[in-house]
Amino acid sequence: MEDLLQVGVITGTHGLKGEVKVFPTTDDKERFLDLEDVLLDTGKELLELKVEYCKFFKKFVFVKFEGLDDINEVEKYKRCPLLVTRENAVELEEDEYFVADLLGLTIVDDSGVTIGRLENVISTGANDVYEVLTEDGGRILLPAIKECILDVDMDEGIILVHLMKGLTD
């Protein structure tokens, strides 16, 4: 399991006083309201930053970090991911998982046949879609709905699925 989880990516600056424009990569951008500390991945190092405040505009979050008070101090962080430790991550409900924990799990159908491994999770709005890399190098898209995803066993590293008619044709 990953120790760090991505919650957003800085896409640019906002104003002249050090605010950054963040594209949230979390299901609920409101989680930024409870965020006190964040790790900024510069590609060379992880910088621990304190969130001074945040505000929302359309699909973006504008974040101001303590001690970064000028556009010139934050401009270099464009395209840098914002991470949180697992301890600072949101509390998950039953049958909810972090995408980072699901990636790479083995996909097995309800007859016991191994189909492949989870390569990607695509958010569509209505429900997520699991992109599975099959044993023969092909790809299958599985809707992340209860009729299709029967069980997730994190201890065994297996997602048990029911292949609904038309998914593999």
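Attention here is on the structure that accompanies the text. (Residues numbered from 1 in each chain as written. Predicted model: local features only at pLDDT ≥ 70, side-chain atom pairs only at ≥ 80, totals over all residues. Heavy atoms only, no water.)

### What about the overall build of the protein chain?
Applied cut-off: Runs of E in the DSSP output that reach at least two residues are strands. Runs of H or I that reach at least four are helices, and both are numbered from the N terminus. Any residue under 20% of the maximum accessible area for its type is buried, any over 50% is exposed, and the rest in between are partly exposed; the area is computed with a 1.4 Å probe on protein chains only. Contact criterion: two residues are considered in contact whenever any of their non-hydrogen atoms come within 4.5 Å of each other. The charged-residue count follows a simple rule in which Lys and Arg add positive charge and Asp and Glu add negative charge, with His and chain termini not counted at all. The atom standing in for a charge is NZ when the residue is Lys, CZ when it is Arg, CG when it is Asp and CD when it is Glu.
A tally of helices and strands in the protein chain yields two helices and twelve strands. Overall, the protein chain is about 60 × 30 × 30 Å in size when its C-alpha atoms are taken along their principal axes. By residue count, 37% of the 169 residues in the protein chain fall in the buried class. Contacts spanning at least 24 positions in sequence make up 48% of the contacts within the protein chain whose residues lie at least 6 apart. Taking the 18 positively charged and 38 negatively charged side chains of the protein chain as two groups, their mean positions are separated by 12 Å.

### Things to note about the sheet that holds strand β12 (residues 158-161)
Rules: For two strands to be treated as a pair, DSSP must find at least two bridges joining them. All axes are obtained by fitting lines to C-alpha atoms, using only the stretch in contact for helices, and the reported angles, taken between N-to-C directions, cover 0 to 180 degrees.
Strands sit in the order β10-β9-β8-β7-β12-β11 across an open sheet of six strands; the sheet is mixed. Two strands close off the open sheet at either side, each with one partner strand: β10 (139-143) and β11 (149-153). The sheet shows a mean angle of 35° between the axes of neighbouring strands, direction not considered. Across three bridges, strand β7 (residues 106-109) lies against strand β8 (residues 114-123) in antiparallel orientation. Residue Ile-107 lies in a different strand from β8, and its bridge partner there is Gly-116.

### A look at the pattern of salt bridges
Oppositely charged side chains can pair when the atoms bearing their charge come close. The line we're drawing: Salt bridge, as used here, is a side-chain nitrogen of Lys or Arg placed within 4 Å of a carboxyl oxygen of Asp or Glu.
If you walk through the whole model with that rule in mind, you get nine salt bridges. Put simply, Lys-64 and Glu-52 hold a salt bridge, and the shortest N to O gap is 3.4 Å. On the criterion of sequence distance, the pair formed by Lys-64 in strand β5 (residues 60-65) and Glu-52 in strand β4 (residues 46-57) is long-range, its members being twelve residues apart. A residue is classified by how much of its surface remains accessible, and Lys-64, at 4% relative accessible area, is buried.

### Quick word on the pairing of strand β6 (residues 81-85)
When you tally the buried positions in β6, you get four out of five residues, the bulk of the element. As paired elements, strand β1 (residues 4-14) and β6 share five bridges and run antiparallel to each other. Bridge pairing links Leu-5 to Val-84 in β6.

### What to know about the pairing of strand β9 (residues 128-134)
In regular strands, side chains alternate between the two faces of the sheet. Within β9, six of the seven residues are buried, which leaves it mostly tucked inside the rest of the structure. In this sheet, β9 lies alongside β8 in antiparallel orientation, the contact comprising seven bridges. Within the sheet, the bridge partner assigned to Gly-116 lies in β9 and is Thr-134. Hairpin connection, β8 to β9: the antiparallel pair is bridged by four residues, and Gly-125 has positive phi, about 105°. Between β9 and β10, which pair antiparallel and follow one another directly, the connecting turn spans four residues, one of which, Gly-137, has a positive phi of 90°.

### Looking at the nonpolar core
Formally: Here the nonpolar core consists of buried residues drawn from Ala, Val, Leu, Ile, Met, Phe, Trp, Tyr and Cys, with membership extended through side-chain atoms lying within 4.5 Å.
Counting residues in hydrophobic clusters, the biggest one holds 24 residues, and the most contacted among them are Val-22, Phe-32, Leu-40, Val-63, Phe-65, Tyr-77 and Leu-82. Broken down by secondary-structure element, the contributors of at least two residues to this core are β1, β2 (19-24), β3 (37-41), β4, β5 and β6. For this core, the element with the most residues is β4, which contributes four residues. Look past the residues within four positions of Val-22 in its chain and what remains in contact with it is Gly-8, Val-9, Ile-10, Thr-11, Phe-32, Phe-60, Val-61, Val-63 and Leu-82. Grouped together as the second largest cluster of nonpolar side chains are 15 residues, Leu-118, Cys-148, Ile-149 and Val-152 included.

### What about the environment of Phe-60?
Mapped onto the fold, Phe-60 is located in strand β5. Distance from Phe-60 to Thr-11, taken between C-alpha atoms, is 9.3 Å for residues 49 residues apart in sequence. For Phe-60, the contacting residues outside a window of four places in its chain are Thr-11, Lys-21, Val-22, Phe-23, Pro-24, Lys-29 and Lys-55.

### Quick notes on the packing of aromatic side chains
Test applied: Paired rings are identified among Phe, Tyr and Trp, the last through its six-membered ring, by centres lying within 6.5 Å, and are further divided according to the angle between planes into stacked (under 30 degrees), edge-to-face (over 60) and tilted (the rest). Any Lys NZ or Arg CZ found within 6 Å of a ring centre and within 35 degrees of that ring's normal is scored as a charge over the ring.
As enumerated under the stated definition, the model contains two aromatic pairs in all. One cation-aromatic arrangement involves Lys-21 over Phe-60; the distance from NZ or CZ to the ring centre is 4.3 Å.

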